[in-house]
Amino acid sequence: MRRAAWGLILALVLGVGIGLGYAWVISPHPITNAPPNALRMDFKDQYRSLIAAAYAATGNLPRAQARLGVLGDADPIEALNAQAQRMLASPQTFERAEYVAALASALEAGISGMPVRTPTVDIPINAGNTFTPTSPSSLTDLPVLLSETPELIETQTAVVKTESTQRPTQTPTPVPGRPFALTAEETVCDANLPDGLLQVMVLNRNRRQVAGVEIVITWDSGKEQFFTGLKPELGNGYADYQMTPDTTYTVQLARGSDVALGITPPTCQTPDGATFLGSIKLTFQQP
Amino acid sequence: MNSTRTLWVFIVLALLAGTGIGVAYGWYVNPVDYFDTTPDSLRADFKADYVLMTAEAYQAEQDPGLAARRLAIFGTKSSSALAADGLAYARSNGFTDAEIAIMQELVTALQAWSGIQ
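Every chain's residues receive numbers from 1 upward, in the order its sequence appears when written. For this description, chains carry letters from A and ligands carry numbers from 1, given in the order in which they are written. Totals for whole chains, interfaces and linings use every residue, but because this is a predicted model, local features are given only for residues with pLDDT of at least 70 and side-chain atom pairs only at 80 or more, for both listing and counting.

Chemist: Would you take a moment to explain the overall build of chain A for this structure?
Modeler: Broken down by element type, chain A carries six helices and 12 strands. It is the C-beta atoms, placed from the backbone, that decide contacts: two residues are in contact if theirs lie within 7 Å. Put simply, 68% of the contacts in chain A that link residues at least 6 apart link residues at least 24 apart. Only DSSP runs of H or I covering at least 4 residues are called helices, and only runs of E covering at least 2 are called strands; the numbering of each starts at the N terminus.

Chemist: Would you explain the overall build of chain B in this entry?
Modeler: Within chain B, the secondary structure is distributed over five helices and zero strands. Along the chain direction, N to C, the helices and strands of chain B fall in the order α-α-α-α-α. By residue count, 41% of the 117 residues in chain B fall in the buried class. Residue pairs in contact within chain B that sit at least 24 positions apart in sequence constitute 66% of those at least 6 positions apart. Three exposure classes are used, all based on how many other C-beta atoms lie within 10 Å of a residue's own C-beta (placed from the backbone): buried at 20 or more, exposed at 12 or fewer, and partly exposed between those limits.

Chemist: Explanation requested: the interface of chain A and chain B in the structure shown.
Modeler: Note on interface size: it is often stated as the accessible area lost on association of the parts. Listed by partner, the interface residues are 56 residues for chain A and 49 residues for chain B. When residues of the side of chain A that touches chain B are traced back to their parent elements, those giving at least two are helix H1 (2-26), helix H2 (41-58), strand S1 (129-131) and helix H6 (150-154) of chain A. Top contributing element to the side of chain A that touches chain B by residue count: H1 of chain A, with 16 residues. For the side of chain A that touches chain B, a count of residues per class yields 38 nonpolar, 14 polar and four charged. In the scheme used here, Gly and all other residues not listed as nonpolar or charged are polar, with Ala, Val, Leu, Ile, Met, Phe, Trp, Tyr, Cys and Pro taken as nonpolar and Asp, Glu, Lys and Arg as charged.

Chemist: Looking at this model, I keep getting lost on the packing of helix H3 (residues 64-71) of chain B against helix H4 (residues 79-92) of chain B. Mind explaining?
Modeler: The description of two packed helices rests on the angle between their axes and on the distance between the axes. Residue and element names in this part refer to chain B. Only the stretch in contact is used when fitting a helix axis, every axis being a line fitted to C-alpha atoms; angles between N-to-C directions are given from 0 to 180 degrees. The N-to-C vectors of H3 and H4 enclose an angle of 75°; their axes lie 9 Å apart at closest approach. Classed by the angle they form, the pair H3 and H4 counts as roughly perpendicular. Between H3, through Ala-67, Ala-68 and Leu-71, and H4, the contact on the second element is made entirely by Ser-79, Leu-82 and Ala-83. If an angle is under 35 degrees, it is roughly parallel; if it is over 145, roughly antiparallel; if it lies from 65 to 115, roughly perpendicular; otherwise it is oblique.

Chemist: Sorry if this is basic, but what is going on with the sheet that holds strand S8 (residues 249-253) of chain A here?
Modeler: Working definition: the strands of a sheet are paired by backbone hydrogen bonds and lie parallel or antiparallel to each other. Residue and element names in this part refer to chain A. Think of it this way: DSSP has to see at least two bridges between two strands before they count as a pair. Ordered in space as S6-S5-S8-S9, the four strands form an open sheet in which the pairing is antiparallel. Two strands in the sheet have a free side with no partner beyond their single neighbour: strand S6 (222-227) and strand S9 (260-263). The average undirected angle you get between the axes of adjacent strands in this sheet is 20°. Across four bridges, the pairing between strand S5 (residues 214-219) and S8 is antiparallel. The partner of Val-216 across the bridge, within S8, is Gln-252.

Chemist: What's the story with H2 of chain A in this structure? I'm lost.
Modeler: Residues three or four positions apart in an α-helix share a direction because the helix packs 3.6 residues into each turn. In this scheme, a helix's expected span is set at 1.5 Å multiplied by one less than its residue total. Compared with the 26 Å implied by 1.5 Å per residue over 18 residues, the 25 Å span of H2 of chain A between its first and last C-alpha is a close match. The element H2 of chain A is extensively covered by neighbouring structure, given that 15 of its 18 residues are classed as buried.

Chemist: It is not clear to me how the confidence of the model for chain B should be interpreted in this structure. Could you clarify?
Modeler: If pLDDT is low for a region, its predicted coordinates should not be looked at in detail. Confidence in the prediction of chain B, expressed as mean pLDDT, is 89, and 97% of residues score 70 or more. Summarising per-element confidence for chain B, the mean pLDDT is lowest in helix H1 (residues 2-29) of chain B (90) and highest in helix H2 (residues 44-61) of chain B (95). For every residue, the predictor assigns a confidence score, pLDDT, that lies between 0 and 100.

Chemist: Looking at this structure, how should I read the nonpolar core?
Modeler: Most often, soluble globular proteins keep nonpolar side chains buried together rather than apart. Ranked by size, the top nonpolar core spans 76 residues in total, and within it Val-100 and Leu-103 of chain A together with Ala-83, Met-103 and Leu-106 of chain B carry the most contacts. Not counting residues within four places of it along the chain, the set of residues in contact with Ala-83 of chain B comprises Val-51, Leu-71, Met-103, Leu-106, Val-107 and Leu-110 of chain B. By convention in this section, buried Ala, Val, Leu, Ile, Met, Phe, Trp, Tyr and Cys residues joined through C-beta atoms within 7 Å make up a nonpolar core. Judged by nonpolar contacts, the second largest core, of five residues, contains Leu-12 and Val-16 of chain A together with Ala-14 and Leu-15 of chain B.

Chemist: Mind showing me how you'd approach the sheet that holds strand S7 (residues 238-242) of chain A here?
Modeler: Residues and elements named next belong to chain A. If you trace the four strands from one edge of the open sheet to the other, you get S3-S12-S4-S7, paired in mixed fashion. This sheet does not close on itself; its edge strands, each paired only once, are strand S3 (181-188) and S7. Across this sheet, the average inter-strand angle for adjacent strands is 20°, counted without regard to direction. For strand S4 (residues 197-203) and strand S12 (residues 279-285), the ladder comprises six bridges, and the chain directions are parallel. The residue of S12 that forms the bridge with Val-202 is Phe-284.

Chemist: Could you clarify how one ought to interpret the pairing of S4 of chain A in this entry?
Modeler: Residues and elements named next belong to chain A. Extensive coverage of S4 is indicated by the burial of five of its seven residues. Sheet analysis places S4 next to S7, joined by five bridges and oriented antiparallel. In the strand pairing of S7, Met-201 is matched with Tyr-238.

Chemist: Could you clarify how one ought to interpret the packing of H2 of chain A against H2 of chain B in this entry?
Modeler: The geometry of H2 of chain A relative to H2 of chain B is characterised by a closest axis approach of 8 Å and an angle of 45° between their N-to-C directions. On the basis of their axis angle, the class for H2 of chain A and H2 of chain B is oblique. The chirality of how H2 of chain A crosses H2 of chain B is left-handed. Here Leu-50, Ile-51, Ala-53, Ala-54, Ala-56, Ala-57 and Thr-58 of chain A of H2 of chain A come into contact with H2 of chain B, specifically with Tyr-50, Met-53, Thr-54, Glu-56, Ala-57, Gln-59 and Ala-60 of chain B. In terms of residue class, the contact of H2 of chain A with H2 of chain B is made up of 10 nonpolar, three polar and one charged. Handedness of a helix crossing follows the sense of rotation of the near helix relative to the far helix, less than a right angle counterclockwise being left-handed and clockwise being right-handed.

Chemist: Looking at this structure, how should I read H1 of chain A?
Modeler: The terminal C-alpha atoms of H1 of chain A, which comprises 25 residues, lie 34 Å apart, in line with the 36 Å expected from a rise of 1.5 Å per residue. Within the sequence span of H1 of chain A, burial applies to Ala-11, Leu-12, Gly-15, Val-16, Gly-19 and Ala-23 of chain A. Where H1 of chain A is buried, its residues touch H1 of chain B.

And the structure:
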């Protein structure tokens, strides 16, 4: 009798083991409810890019923050900056690095309503409804997906409210980003640097470096663009360009900035009297 | 003889019951932790939000080809069908009228766009 009981218990335990092996190793349950933080890295990048594109269109920073939250990045700003750099270094993607960088900047600055382009959204509103843009701090604009229960939170993001009485319709007017100011222009005589190097540093208003900023350089017979963030070892907001002697350049940021005029490689001297072409360092900062 | 056969029947039944318990535990109570998944495994609400983001970006860009490429991440269906799935979810899960409107616009644009491909 006792042997029989032990036999049954053993069979049960063995069965549980077989069942667990099947469920965990041989045939795990098909996954149909994964959160975005379980996505593969390249898909996370795609997800992040789309969050940035949606933010660029709507200027809704709290919602973008909430959406980034479900990706589970330890530091979303750092993740966005790193992705912007990867996108610049490998431009096969159809998404735009500047949107990603702009979202990172906006998160750093904590500013809402600063899309990088003006959205032209025509939202049909039913009679009796009023489209009421909500301020970022209002309860109705709380993040969509701060937790992993977006079904509930989605309902909290209502921007269309049914009003009992008609009120004038207010159109959201996005505020353009403030142009960058040229805060420093220095001549650098360092024989260790390549001759005629133009160094550009772009900082936001918190003095944090900004990656993915397009810089436009023009001269008499030409024009080129280059981007910050391609040399992360020198800083996310760093970019450089090789100037040629006897050419005068004009430099500005594509998204709007002061214009650095008359930039030309300086002539420098080593201690032993030899001359070489020095560098110019420009610093742009958002006021 | 008879009691031995009965015992074996119970042992086999215990084995089957244990297997059932193990499978149920491994599938439902404590399933495998997934990572590096593909977008088609996303929960329906996240998929719908992805469609909504695509629709928001489409409002500004007006580029159905770009929207279709963004939705192609899900892989299995046409972009217009994926957007329609997102729209259906939005309609039945309390998305706002404005959100539903722009998703509807995206579906229409993708249907027209796929018609000329």
